[in-house]
Amino acid sequence: MTVIRKVLAAVFAGLALTLFSAAPAAAQADKIKLTVAGDGAVGVTIQATYADGRRLDRVVRLVLTATGPDGQKVGPVQLEPQPEGQGFYSSGPVLTAGTWKVKVNSPAPLPGEATATVQARAAQSPPAPRPVAVNRPADGGSGAGWWPFAAAGLVLVAAAMGVAMLFGRRRATT
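Residues numbered from 1 in each chain as written. Predicted model: local features only at pLDDT ≥ 70, side-chain atom pairs only at ≥ 80, totals over all residues. Heavy atoms only, no water.

(A) Representation of the nonpolar core. Core analysis: the biggest nonpolar cluster contains 25 residues, and Ile-46, Leu-62, Val-102 and Val-104 have the highest contact counts within it. Contributions of two or more residues to this core are made by β1 (32–38), β2 (44–50), β3 (62–67), β4 (73–81), β6 (98–106) and β7 (112–120). (Core = buried A, V, L, I, M, F, W, Y, C linked by side-chain atoms within 4.5 Å. Buried < 20%, exposed > 50% of the residue type's maximum accessible area, 1.4 Å probe, protein only. Helix = DSSP H or I, 4+ residues; strand = E, 2+ residues; numbered from the N terminus.)

(B) Summary view of the sheet that holds β4. Pairing is antiparallel across the open sheet formed by seven strands, whose spatial order is β1-β2-β5-β4-β3-β6-β7. Edge positions in the sheet fall to β1 and β7, since each has one partner strand and no second. Mean inter-strand twist for the sheet, computed between neighbouring axes without regard to direction, equals 25°. In terms of strand pairing, β2 meets strand β5 (residues 88–90) through three bridges, oriented antiparallel. Note that in β5 the partner of Thr-45 across the bridge is Ser-90. (Pairing = 2+ DSSP bridges. Axes fitted to C-alpha atoms, helices over the stretch in contact; angles between N-to-C directions.)

(C) Molecular detail of the packing of aromatic side chains. Evaluation of the coordinates by the stated rule reveals one aromatic pair. The interplanar angle of 25° and the centroid separation of 4.3 Å between the aromatic rings of Trp-146 and Trp-147 together place this pair among those described as stacked. (Phe/Tyr/Trp six-rings, centres within 6.5 Å; stacked < 30°, edge-to-face > 60°.)

(D) Expanded view of the side chain of Thr-45. Tracing the backbone shows Thr-45 in strand β2. With residues up to four places along the chain from it excluded, the contact list for Thr-45 reads Thr-35, Val-36, Ala-37, Gly-38, Asp-39, Phe-88, Tyr-89 and Ser-90. (Contact = heavy atoms within 4.5 Å.)

(E) View of the pairing of β4. Direction of pairing for β3 relative to β4: antiparallel, over a ladder of five bridges. Residue pairing for β4: Leu-62 is matched across the bridge by Leu-79. Counted between consecutive antiparallel strands, the loop separating β3 from β4 contains five residues, among which Gly-71 sits at a positive phi close to 80°. Judged from the two bridges that link them, β4 and β5 form a sheet pairing that is antiparallel. The residue bridging Glu-80 from the neighbouring strand is Ser-90, located in β5. Hairpin geometry of β4 and β5 is characterised by an intervening segment of six residues between the two adjacent antiparallel strands and by a positive phi of about 75° at Gly-87.

(F) Structural view of a nonpolar patch on the surface. Among the surface-exposed residues, Trp-146, Trp-147 and Phe-149 lie close enough to one another that they form a single nonpolar patch of about 470 Å² accessible area. One can find Trp-146 in the loop between β7 and α2 (147–173). On the basis of relative accessibility, which here comes to 53%, the residue Trp-146 falls in the exposed class. (Patch = residues over 30% accessible without salt bridge, like charges linked within 9 Å, V, L, I, M, F, W, Y side chains within 5 Å. Areas by Shrake-Rupley, 256 points an atom, 1.4 Å probe, with all protein chains shown as cover. Salt bridge = Lys/Arg side-chain N within 4 Å of Asp/Glu carboxyl O.)

(G) Expanded view of the pattern of salt bridges. Under the definition given, this model contains two salt bridges. Between Asp-52 and Arg-54 there is a salt bridge; the shortest N-O distance is 3.0 Å. In this structure Arg-54 comes out as partly exposed when scored by relative accessible area, which is 40%. With its nearest N and O atoms 3.7 Å apart, the salt bridge here joins Glu-113 to Lys-103. You can see Glu-113 sitting in strand β7 and its partner Lys-103 sitting in strand β6, a full 10 residues away along the chain.

Structure follows, in structure tokens:
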């Protein structure tokens, strides 16, 4: 009976050591790191990862608040995950042009918070296309160019080959 007790004690000791060594990792996995940046226009993008750098494998609730250049306030705005990647969130166009102090936080069960200064810019439109000049031949022709000559050359080559094959067969049979 002492052997069974020793085996059980070793199993429980091993289990306890495993649980205690995993406890800091589990506590670290319960926090997230948020990286906040502007989207180049009047929105904000957020990349959420676990605190240890692993990719976020579930959807979390993120809330954005922002203070603008003239004391303007935006938020709280709940952010939705975007299809661009795991843990990627975007606010869409919620800011106006200027420098904004943006705060994003995530409540329990995965708490996290980040603050960043974002420069919002009005959306830029692409430049108008320049007109393209269409040049006509100086002789007023249709602009057919070399295609008729190439087609005529191919017809002549095919005819010459047909004649050569026809006369080549006649010589071989006589």
